[in-house]
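Each chain, letter by letter, is given below.
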Amino acid sequence: MQAGTTASKTLLQIQDLRIVYQQKNTFFTADQTVHAVNGVSFSIRQGESFAIVGRSGCGKTSIAMSALGFVKPSAGAISFMGENIWQLNRKDLRQLRPLIQPVFQDYGNSLNPRMTVNKIITEALRTQPNDRTQSDAVIQLLDSVGLDSGIRLRFPHQLSGGQKQRINIARALALNPKLLILDEPVSSQDLSAGVKLIELLNSLKQTYELSYLLISHNLSTVRLLSDRIAIMKDGVFIERGPAETLLQHPSDNYTKELIDASNLTNLSKTEQA
Amino acid sequence: MKRIVNIICSDKSLYAGSILIGIIIIFSLTGPLLSPYNYSSQNLSEALQSPSISHPLGTDYYGRDVLARIMHGGQITLGIALLATTIAVLTGIIIGLISAFVGGWLDRILMRLVDIMLGFPKLFIILLVIGMGYSSIGLIILFLAIFSWMEIARIVRSEVLVIREQLYIKSAEAIGLRRRRIIFIHILPNVMGTIIVSSVLLISTLILIESSISFLGLGVQPPNASWGTILTEGRIDPIGTWWISVFSGIFIIAAIIGFNLIGDGLRNILDPKFTENT
């Protein structure tokens, strides 16, 4: 059981979210409408971890991108700390954004290839009032994600996958966020690196009093990180509940399939390790 | 400075191109100061002398020293090409950025303008206007720039449209950076490699166009000299007075090869994966 579930303040509230992508016709094809999200509602309280689990293409990343202000919802409301983020003007949205930080699935592409680690983290720090020197702050942030300060002068292509992921987390932490949106945080890691990263995320959650919105297709990952889980299929939640309850007593066949698939993935990763 | 020298030395194309262009620039800038001859001083008693110790590249029909004229012509030709490229590149960057970021109807209008401008036969229009008697170096620079910004604008627009969808730009937006900072600190440096390479290649194209205009007698007017002007002075008797055209032609070719080599080299060194290894 994860700690922090007793906090009561609602951070993120999503009500009846609908996201529709319009694909304009070309000479050879007709207009296409893709209903990525069809009326999803949930909330995340301060200190809580909420996971959305489903197979690729079910709409979970669309929810994350919409909560980050990148994909406009077709209907519904997304409120963060009481503010509807899609009704804010550009300036107010910019001020709110540091509080919701993403850690993208493609962690390599999330780091500017022309910037050193130091510059990447400093870019985040410059938006924050800070009484430390930026150099000290960078070193401290690197330390908090388990990286040596010597890595500061490296470019992203000189880092391993795990190091890149941790730099992404360090950059997010530089902004003192309330909510981290973790999109498949360990999907590209081997088993031992994945376990270490999960331990780090659990530790950071306590230290920085973070909340997580976790996006994953792997239930074994979210089991270790989440308080509540929602199973998503074809743009809707088909089942949701406390993590342990849902994993031990799944009511939907689709959830059972995902649990079986996660067990197989773990077995495969263990054999590889 | 030492790092720049190291980077230049680590790429053969860049090294060769830099040496070649460096020599041409030093030759063009310092030569006229050291030469005993003025590029426009006529001495009919020494007309059409073949290369000798007193005139290493010979003399032309008016007895002017070809070496002095080529050195002065280098300043004019390179100056025109560099200034026109600078104007064209800045215009292209601004229009490309506006087109990519504003989008919508403005993007459509600007891109159709690019299509129209690319459809113009640029050499014909330049010749037409200059042939009407409006020839001046300033006008040549302006016309070359007006008909050269479109490729840069297209490159910038297409690169920016790709880069702005990259996750590191989404991350920059997510940390709350202003749009201006995202454009100039996060997007533009990632486009600069392509822009610089295209610009260097544009310089060689413009050297060729300026030489063509001057060769046709519509560019830089005598007694002023550009490499194209000198080239055309030898066409009356290309065999008997070979030194007039051959040496100016060699400089045009050398400059174009030099800038192309620099362009190839820059394509490599502007990749951060390359610079890290040097």
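In this text, all values refer to a predicted model and were calculated from it rather than measured experimentally.

### Thoughts on the packing of helix 5 (residues 122-134) of chain B against helix 9 (residues 179-215) of chain B
Residue and element names in this part refer to chain B.
(1) Moving on: Between helix 5 and helix 9, the shortest axis-to-axis distance is 11 Å and the interhelical angle comes to 40 degrees. The orientation of helix 5 with respect to helix 9, classified from their angle, is oblique. For the pair helix 5 and helix 9, the sense of crossing is right-handed. Taking contact as the criterion, the partners of Leu123, Ile126, Leu127 and Ile130 in helix 5 are, on helix 9, Ile209, Ser212 and Ile213.

### So, the packing of helix 8 (residues 167-174) of chain B against helix 9 of chain B
Residues and elements named next belong to chain B.
(1) Moving on: One way to put it is that helix 8 packs onto helix 9 with a least axis distance of 11 Å and a crossing angle of 150 degrees. As far as their axial angle goes, helix 9 and helix 8 are roughly antiparallel. When the axes of helix 8 and helix 9 are compared, the crossing they make is right-handed. Between helix 8 and helix 9, the residues in contact are Ile169, Ala172 and Glu173 and Ile182, His186 and Ile187, respectively.
(2) Moving on: Here the residues of the contact of helix 8 with helix 9 are counted per class, giving 4 nonpolar, 1 polar and 1 charged.

### Things to note about the sheet that holds strand 2 (residues 32-45) of chain A
Note on sheets: strands pair through backbone hydrogen bonds, and any given pair is parallel or antiparallel.
Residue and element names in this part refer to chain A.
(1) Moving on: Read from one edge to the other, the open sheet built from 4 strands follows the order 2-1-4-5, with strand pairing classed as antiparallel. Only two strands of the sheet have a single partner each, and these edge strands are strand 2 and strand 5 (83-84).
(2) Moving on: On top of the sheet, helix 1 (residues 60-67) reaches strand 1 (10-23), strand 2 and strand 4 (75-80); it is set at about 115 degrees to strand 1, its chief contact.

### Details of unusual backbone geometry
Working note: non-glycine residues mostly have negative phi, and peptide bonds are mostly trans.
(1) Moving on: A cis amide bond, omega 10 degrees, links proline 222 of chain B with the succeeding residue proline 223 of chain B.
(2) Moving on: Among the secondary structure elements, proline 223 of chain B is positioned in the loop between helix 9 and helix 10 (227-233).
(3) Moving on: Positive phi, normally seen in glycine, also occurs at asparagine 176 of chain A, with a value near 50 degrees.
(4) Moving on: Residue position: asparagine 176 of chain A is located in the loop between helix 5 (161-173) and strand 7 (179-183).
(5) Moving on: For asparagine 176 of chain A, a count of 14 C-beta atoms within 10 Å puts it in the partly exposed group.
(6) Moving on: A positive phi angle is found at glutamate 209 of chain A, which is not glycine, with a value near 50 degrees.

### Quick look at the sheet that holds strand 7 of chain A
Residue and element names in this part refer to chain A.
(1) Moving on: The strand order across the open sheet formed by 6 strands is 6-7-8-3-9-10, and the pairing between neighbours is mixed. Every other strand in the sheet has two partners, leaving strand 6 (100-103) and strand 10 (236-242) as the edge strands with one partner each. Across the sheet, the mean angle separating the axes of adjacent strands is 15 degrees when strand polarity is ignored.
(2) Moving on: Relative to strand 9 (residues 228-233), strand 3 (residues 49-53) runs parallel, the two sharing 4 bridges. Pairing of valine 53 across the sheet is with isoleucine 231, part of strand 9.

Cut-off values and rules
Residues numbered from 1 in each chain as written. Chains lettered and ligands numbered in written order. Predicted model: local features only at pLDDT ≥ 70, side-chain atom pairs only at ≥ 80, totals over all residues. Axes fitted to C-alpha atoms, helices over the stretch in contact; angles between N-to-C directions. Helix = DSSP H or I, 4+ residues; strand = E, 2+ residues; numbered from the N terminus. Parallel < 35°, antiparallel > 145°, perpendicular 65-115°, else oblique. Left-handed = near helix turned anticlockwise from the far one by under 90°. Contact = placed C-beta atoms within 7 Å. Nonpolar A, V, L, I, M, F, W, Y, C, P; charged D, E, K, R; others polar. Pairing = 2+ DSSP bridges. Buried ≥ 20, exposed ≤ 12 C-beta atoms within 10 Å, placed from the backbone.

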